[in-house]
Structures are given as structure tokens and as C-alpha cells.
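An overview of the molecular structure
What follows is each chain in one-letter form.
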Amino acid sequence: MNVFGSSVSGAAAPVGAVRRRAVVDALRRGAVPESGLDLLATGLGRFERAVDEDLDTVAAGGSVFKAVRGEYGSGKTFFTRWLGERAKRRTFAVAEVQVSETETPLHKLETVYRRLTERLTTASFPPSALRPIADAWFYALEEDALSDGAGEDELSPAVDRLLTARLAEVSRHAPAFATALRGYKQSLDAGDEATAAAVMSWLGGQPHVAAAARRSAGVRGDLDHFGAFGFLQGLLTMLRDAGHAGLVLVLDEVETLQRVRSDARDKALNALRQLIDEVHSGRFPGLYLVITGTPAFYDGQQGVQRLAPLAQRLATDFTTDPRFDNPRAVQIRLPGFTEESLTVLGATIRDLYAEGSPSFDRINQLADDAYLTDLALAVGGALGGKVGVAPRLYLKKLVGDVLDRIDQFPDFDPRTHYKLTVGSGDLTATERNFAAPAPASADDLDLDL
């Protein structure tokens, strides 16, 4: 089954030049586009109903957890960004956090929260959207206070009372969140932009905020692991009151936990178990939590299986034919690419590229489906025959080496003038591992003695 391409039948709507260029430019760099993924999303139709049901649940005040599994190159990042785009169209906020041992260790949830606020985005605001969301929240409180009959001279205390009421549950666990918001509003009202910005940074979990700004807001110290839960609750409350349906939080590449020290790994796995339990307990209304990882992370002894309670929570039966995988299950898998599905993906990109090019006919003639298949086989061969891990490199070569040249040079023919070359600079670390030939014997190993 192909993971990419449109799930909607019928003629496609015209694509704007800006959206098309953003997608093509990202593919030329070998990156997953930040937006416009609906233009490429063929084959995701099987997940649409379940995803929409989950988003409905979260928008109604519930919370959802989902684990996505797939080998390298199967489209995990693509899937989560497609989900995020779908959520934004329904007024959700979205944050994608890359888990890493040094930058974002999962066992330090205060760091995860900080990265969340740094990456927080909405349909209207790019990262970080934390301050615009807070401003929209205060505006909503003012509107509610006015509708309740408060006069202009009574507006400030009325807003403060509403703030206290809306954050009552949050204040039980993280009273500093409400206190800092009051300090932020007071700094704004006083025209002290520097202090307001510093307090907002503190609300975003940033360390080393100036002591004077913290004193002005009535807070002290930095956010810790346990306070992060309360701050997440506060953020979800602000989102809801500011008119957002909820938050989609993606924790990407969780399999990196397998490479950290055993004590840090155990803490991280337990933190993940704790976070999942809090989601299922209803502590985070309005949260859609998604994690991604490789099958080795979910099934191996250095990953989820290392913590039995976590393994139980994520257990899903994948022994049946993949065609009958349950998209509503707690864990879903993305199948790897095949020669056929990679060709279909290439055709989708070719058609998108050609639509905005004056060389429309030449592109379709010279980069026909047969050539796309040959290129897929060549790229897969350069990666040790692993077609399933080839999509990123395949699309990079297709756009940058083939389609761009057809578009710009009238006498260029890829079958005559282009031979695939793959240098180490083209490859990620994982792809280099696939590309490296396995030694036939001990004599083939190069030892530095």
C-alpha cells in the first residue's frame, strides 16, 4: 500500500503557485514540507476517518494518545505533519518536538514543555505562537467581562476574577502559571514591554529569565519536571478560551531513547508511561498526543519492552495482514515503500511540478512513469537495494537533478544526459549505513592499527 498521494477521488483543484513552490523547494532540499502535504497525501485515506474521530473527541474536551510506528523512510514525519495540517484547518494548535538525548531528553518534561512552546504554531501564527495565544486569551476574557456587564472602569478587576476562575484547576497544581499571567498583563498595562516579554519567556519554560522580571510577576525559580504538567494544563485552558479546538503535540523520533544511558532511558520510558496515563485520566482535556518510533523501539528490549507497564499500554496486534490494521488502535503502523508506490509518489510530484511549469509537455514526456520507475530502482540500488528507505533521496534527486533540468534546458534528456550519482553529502547517517556495502569477510574490514 502506498503511504502518499491524494485520498480524494475526482479532478484535483488548482494549486496556488506559492503552495506549489513551498512543497517543491522542500523536496529539492531533501526535507519534508512544513505545509501543503495534502497535495502529496495519496493513500492516507484509510487513516482519515480515525484521525477525524480523534480530533472530534479532543475538540469536545477529551484527550487522545496515538503511537505511530514505521521503519526509516516509511513517512512518519510526513504522517504527523499531514495530521497537524488537518488539525490546523479545524482551529487546533500544533507543536512538533524532536526527542533527543542532549536537546530534549524525555525524562525532563520541563524541557519537552519548553520545546513545545518554542514550536507552537496555529493556522494564523508561526512558531512561537505562545504570546499571540496569551494575548488572544486576555482579549477573550475582556470580551466575556464586558458581556457580563462590567464597565470600562471595572474591566481590570473583572478580568482578574475571570482569570482566577478559568485557571482554578490549573492553580491547584501550578499556581505560578496564573500568577505569571497576571504579571504579564500588569506589565503590558504599565507599558513595560521588556518585563512582559521576559515573563512570557518564563511562562514558556525558558530558564535564566532575569530575576527582576520574575520578582515583578511574583514568581521565583525555573520550571521543573512536575510543574510542566500544570503548565501544560494552563496552556490547554488558554487555547480553549482563545477559540482553539485543542493542541496536537507530536513527540517525534522517540526511538532515540534506545541510544541513551540505561538510567536515563529508564527514566524517559517511565516519563512516557506517566504522560500517557495522565492523558487517559482526563487531566489534559484538549490534548492529542502523538509519538513516533521504529518497530525496534516498540518491540525491542532496549525500548518499550524494557518497561512492562508501558508495553502493556502500547500493545497492538500486528500479526494480521496489514490491509486489516485497525486505524483506531493505540498504535498504528506505516508500511514501507515499494517500487510501485515510490513510482506513484514520483508521478504525484512530477504532475505537481509540471502544473506550474511552461515545460509541461516535455516534463510529462521525458519523466514518464517508466523513467520514474527506473530512477526509483537506481536510488534503491544506491541504498543497498532498500527501496523502502529511498523516498527522501528519490524525491530530492527527482526534483533537483531531473525536473529542474528538464524545466530549464530545452535539450536536456534525463535518459541521455543524467546518470544518478549519490555522494556521502546526499545521505543522512541512517542512509549511509544502508549504502555501505557489507564486508564479505574479516579480511575486507579496514582496521586502523
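Since the model is a prediction, treat every value here as computed from it, not as a measurement.

Take the pattern of salt bridges next. Overall, the coordinates contain 36 salt bridges when judged by the stated rule. A salt bridge links Asp54 to Lys66, with the shortest nitrogen-to-oxygen separation between them at 3.9 Å. Of this pair, Asp54 sits in helix H2 (residues 45-59) while Lys66 sits in strand S1 (residues 64-69); the two residues are twelve residues apart in sequence, bridging distant segments of the chain. For the residue pair Asp54 and Lys66, the accessibility class agrees, reading buried in each case.

So, on to the sheet that holds S1. Ordered in space as S2-S3-S4-S1-S5, the five strands form an open sheet in which the pairing is parallel. Looking at which strands have only one partner, the edges of the open sheet turn out to be strand S2 (93-98) and strand S5 (331-333). Across this sheet, the average inter-strand angle for adjacent strands is 20 degrees, counted without regard to direction. Pairing of S1 with strand S4 (residues 287-293) involves six bridges; the strand directions are parallel. From the neighbouring strand, Arg69 faces S4, where its bridge partner is Gly293. Helix H3 (residues 76-88) contacts S1, S2, strand S3 (247-252), S4 and S5 of the sheet and is inclined by roughly 165 degrees relative to S4.

A few words now on the environment of Ala50. Tracing the backbone through its elements, the reader meets Ala50 in helix H2. The sequence separation of Ala50 and Arg328 amounts to 278 residues, and the corresponding C-alpha distance is 5.6 Å. Ignoring anything within four residues of it in the chain, the contact list for Ala50 reads Pro327 and Arg328.

Going through the model one piece at a time under the given rule, you end up with nine aromatic pairs. Pairing Phe47 with Phe79 gives two aromatic rings, centres 5.3 Å apart and planes at 75 degrees, and the pair type is edge-to-face. On the criterion of sequence distance, the pair formed by Phe47 in helix H2 and Phe79 in helix H3 is long-range, its members being 32 residues apart. For the pair Phe47 and Phe79, one class covers both residues: buried. Judged by centre distance (5.8 Å) and plane angle (85 degrees), the ring pair of Tyr113 and Phe231 falls under edge-to-face. Of the two residues, Tyr113 sits in helix H4 (residues 109-119) while Phe231 sits in helix H11 (residues 225-241), which places them 118 residues apart along the sequence. With respect to burial, Tyr113 and Phe231 carry one shared label: buried. Three or more aromatic residues joined by ring pairs form one cluster here, namely Tyr113, Phe177, Trp202 and Phe231. Note that Arg46 overlies the ring of Phe47, its terminal NZ or CZ placed 5.5 Å from the centroid. The side chain of Lys185 reaches across the aromatic face of Phe138, ending 5.9 Å from its centre.

In this section: the confidence of the model for the chain. The predicted coordinates of low-pLDDT regions are not to be read in fine detail. With 89% of its residues at a pLDDT of 70 or more, the chain has an overall mean of 87. Across residues 1-12, confidence stays below pLDDT 50; counting only partners more than four residues off in sequence or on other chains, it has 36 contacts. This model gives residues 439-449 a pLDDT under 50, and the stretch forms two contacts once residues within four places in sequence are excluded.

The next subject is the packing of helix H15 (residues 339-355) against helix H17 (residues 369-382). Interaxial distance between H15 and H17 falls to 9 Å at its minimum, and their mutual angle equals 125 degrees. One way to sum up the angle between H15 and H17 is to call them oblique. Every pair of crossing elements has a handedness; the one defined by H15 and H17 is right-handed. Across the interface between the two elements, Glu339, Leu342, Thr343, Gly346, Ala347 and Arg350 from H15 touch Asp369, Leu372, Thr373, Ala376 and Leu377 from H17. Each residue belonging to the contact of H15 with H17 can be placed in one class, and the counts come to five nonpolar, three polar and three charged.

Scoring rules and cut-offs
Residues numbered from 1 in each chain as written. Predicted model: local features only at pLDDT ≥ 70, side-chain atom pairs only at ≥ 80, totals over all residues. Heavy atoms only, no water. Salt bridge = Lys/Arg side-chain N within 4 Å of Asp/Glu carboxyl O. Helix = DSSP H or I, 4+ residues; strand = E, 2+ residues; numbered from the N terminus. Buried < 20%, exposed > 50% of the residue type's maximum accessible area, 1.4 Å probe, protein only. Pairing = 2+ DSSP bridges. Axes fitted to C-alpha atoms, helices over the stretch in contact; angles between N-to-C directions. Contact = heavy atoms within 4.5 Å. Phe/Tyr/Trp six-rings, centres within 6.5 Å; stacked < 30°, edge-to-face > 60°. Lys NZ or Arg CZ within 6 Å of the ring centre and 35° of its normal. pLDDT = per-residue confidence, 0-100. Parallel < 35°, antiparallel > 145°, perpendicular 65-115°, else oblique. Left-handed = near helix turned anticlockwise from the far one by under 90°. Nonpolar A, V, L, I, M, F, W, Y, C, P; charged D, E, K, R; others polar.

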